[in-house]
Amino acid sequence: MERFTARAVVVGDRAGSVIPDAVVDVEDGLIRWVGPAAEAPDAGDAQVTVLPGVLTPGLVNTHSHAPMVLFRGQGEGLPLDRWLREVMWPREARLTPEDVEVAMTAASAEMLRHGVTASVEMYFHPERIAAAVTETGARAVIANPLIGLPGFGSFDEQLDTALRLAAGAAGDGLVEYGIGPHSAYTVPLPVLTQAAEAARKHDLLLTVHVAETATEGDELLATHGLSVPSLLAAHDVLGGRVLGAHCVHMDDGDLELWREYDVAVAHCPGSNTKLASGTARLRDMLDQGIRVGMGTDGPASNDNLDLFEDLRLAAQLARLRERDATALTAPEAFWLASGAAAAAIGREDLGQLTTGRRADLVHVDSEDIAFVPVGDALDLVTHLVWSVGSRHVRDTWVAGRQVVRDGVSTTVDEAALRADVQARAMRLAGR
Ligand SMILES: [Zn+2]
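This structure is a prediction, so every number in the text was calculated from the model and none was measured.

## Some remarks on the overall build of the chain
Here's step 1: For the chain, the count of helices and strands is 15 helices and 16 strands.
Here's step 2: In terms of overall size, the chain behaves like a compact globule, its C-alpha atoms giving a radius of gyration of 21 Å where 431 residues would be expected to give roughly 22 Å.
Here's step 3: Seen through its principal axes, the chain has C-alpha atoms that stretch 65 × 45 × 45 Å.
Here's step 4: Long-range contacts, defined here as pairs at least 24 residues apart, represent 74% of the contacts in the chain between residues at least 6 apart.

Pasting the structure below:
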């Protein structure tokens, strides 16, 4: 057993619970006990790690295409259609499996350094994404994309790949596979129905982009007379572990469907603001009991993988949208990237520091003016959301294994990866 002592534990629940002067006992990758030091069981011969700062749960990024670190910042300032045609598609056409693995390894190390211990990835070459997170020590739910692009096989083949990978997963909770049909406007509806049936049958996460832009559903609406959410419901896509990414342009009826079918939302305000997609109805979603978790989206449209920035932006935008400074509380904002994010992806074993969950821990340095003053315990959560950021993350553990020590990866050489990503990005750009 290993015992961690900390100035405080931030649990990652909706109430913003904080345990001052706390102890976390970890064994076999699981949290065995959490509570005040004064009530802790006898440590026995446990190895004790004394942490001067605040321990939080590892954050959960519910929507990412992290290997796109290869394209970060490229085509800045272009409108979407030119960005896709002139920048993204020519590069992705040259992408090799090795490119994906190297880029994912670098991106995964970056996320761990930012306190993000698990991410939902939707990108090509899922086995290479798995190899990358196995190397860095992170967790991932890897949704094999279903998308009609030359060189990536038929939809049937893509679905078969997702199911084959899911059947072969180790079951240790580190790498899980899901199904990632890109969207209702790029994937035929019968394929979506088939993918959803398979996801329900095997209890897999099905994640799909929904209502990201105001116009993406126009053609479907003209053809079928239904909004994208209604169309998904009508084609038996909803139900089970369904996670809609973005869900920005949702009317009352769409939200009602999400509530009825318990569809979760990956809320990506960084991407939605950069691409001018719009502001999701976060307060309405939470009031209706819809599960929501924070996502960064890909680093070509955010441009970073820093969930601390997104959770702060979520609070800022919710308050602006509602013209109400209470529209999203600081505890709620932190919960959206921790406990709520885990619930949104159907992984109740993650996202909170409570007994029985996986020991994914983040040590945040609280010896900084950004953490002052502290009058009561809740101030720690307030500072975490408003003034502290990923720059204060010192150490990260996944399943009790330390993967970041004093701001540096313990598993991979980040400088070498940076140089490798640079060289590959230039080759993909044709330079
Ligand atoms: Zn996306």
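## Points about the sheet that holds strand E3 (residues 30-36)
Here's step 1: A sheet is described by the order of its strands in space; here eight strands give the open sequence E3-E2-E1-E4-E13-E14-E15-E16, paired in mixed fashion. If you trace the sheet from one side to the other, it starts and ends with E3 and strand E16 (408-409), each paired once.
Here's step 2: Pairing analysis gives eight bridges linking strand E1 (residues 2-10) to strand E2 (residues 18-27), with the strands arranged antiparallel. Among the inter-strand pairings, Ala 6 is bridged to a residue of E2, identified as Ala 22.

## Section: unusual backbone geometry
Here's step 1: Following Asn 302, the chain continues to Asp 303 via a peptide bond in cis, the omega torsion being 5 degrees.
Here's step 2: Residue position: Asp 303 is located in the loop between strand E12 (292-294) and helix H11 (307-322).
Here's step 3: Following Val 372, the chain continues into Pro 373 via a peptide bond in cis, with omega recorded as 0 degrees.
Here's step 4: Following the sequence through the fold, Pro 373 ends up in the loop between strand E13 (361-364) and helix H14 (378-386).
Here's step 5: Of note in this structure, Asp 262 is not a glycine but carries a positive phi near 55 degrees.
Here's step 6: Looking at the element boundaries, Asp 262 is found in the loop between helix H8 (252-261) and strand E11 (264-267).
Here's step 7: The residue Ala 276 is not glycine, and still its phi comes out positive at about 55 degrees.
Here's step 8: With respect to the secondary-structure elements, Ala 276 resides in the loop between helix H9 (269-274) and helix H10 (282-287).

## Here's the deal with helix H2 (residues 97-113)
Here's step 1: Over its 17 residues, H2 extends 24 Å from the first C-alpha to the last, a length consistent with the 24 Å expected when each residue adds 1.5 Å.
Here's step 2: Most of H2 is tucked away, with 14 of its 17 residues classed as buried.
Here's step 3: Where H2 ends, the next residue or the one after it, Gly 115, has phi of about 85 degrees, a positive value.

## Here's the deal with the domain arrangement of the chain
Here's step 1: By domain assignment, the chain separates into domain 1 (2-57 + 357-409) and domain 2 (59-344).
Here's step 2: Computed from C-alpha atoms alone, the centre-to-centre distance between domain 1 and domain 2 is 28 Å.
Here's step 3: Domain 1 puts 26 residues into the contact, and the matching count from domain 2 is 27 residues.
Here's step 4: Breaking the side of domain 1 that touches domain 2 down by element, the ones donating at least two residues are strand E4 (47-57), H14, strand E14 (393-398) and strand E15 (401-405).
Here's step 5: For the side of domain 1 that touches domain 2, the class distribution of residues is twelve nonpolar, nine polar and five charged.

## Here we look at the packing of helix H4 (residues 155-168) against helix H5 (residues 189-202)
Here's step 1: Relative to each other, H4 and H5 sit at 10 degrees, their axes nearing to 11 Å. Put simply, H4 runs roughly parallel to H5. Between H4 and H5, the residues in contact are Phe 155, Leu 159, Leu 163 and Ala 166 and Val 191, Gln 194, Ala 195, Ala 198 and His 202, respectively.
Here's step 2: Classifying every residue of the contact of H4 with H5 gives seven nonpolar, two polar and no charged.

Calculation notes
Residues numbered from 1 in each chain as written. Predicted model: local features only at pLDDT ≥ 70, side-chain atom pairs only at ≥ 80, totals over all residues. Helix = DSSP H or I, 4+ residues; strand = E, 2+ residues; numbered from the N terminus. Rg over C-alpha atoms; globule rule 2.2 N^0.38 Å. Contact = placed C-beta atoms within 7 Å. Pairing = 2+ DSSP bridges. Expected span 1.5 Å × (residues − 1). Buried ≥ 20, exposed ≤ 12 C-beta atoms within 10 Å, placed from the backbone. Domains from an automatic or database assignment. Nonpolar A, V, L, I, M, F, W, Y, C, P; charged D, E, K, R; others polar. Axes fitted to C-alpha atoms, helices over the stretch in contact; angles between N-to-C directions. Parallel < 35°, antiparallel > 145°, perpendicular 65-115°, else oblique.

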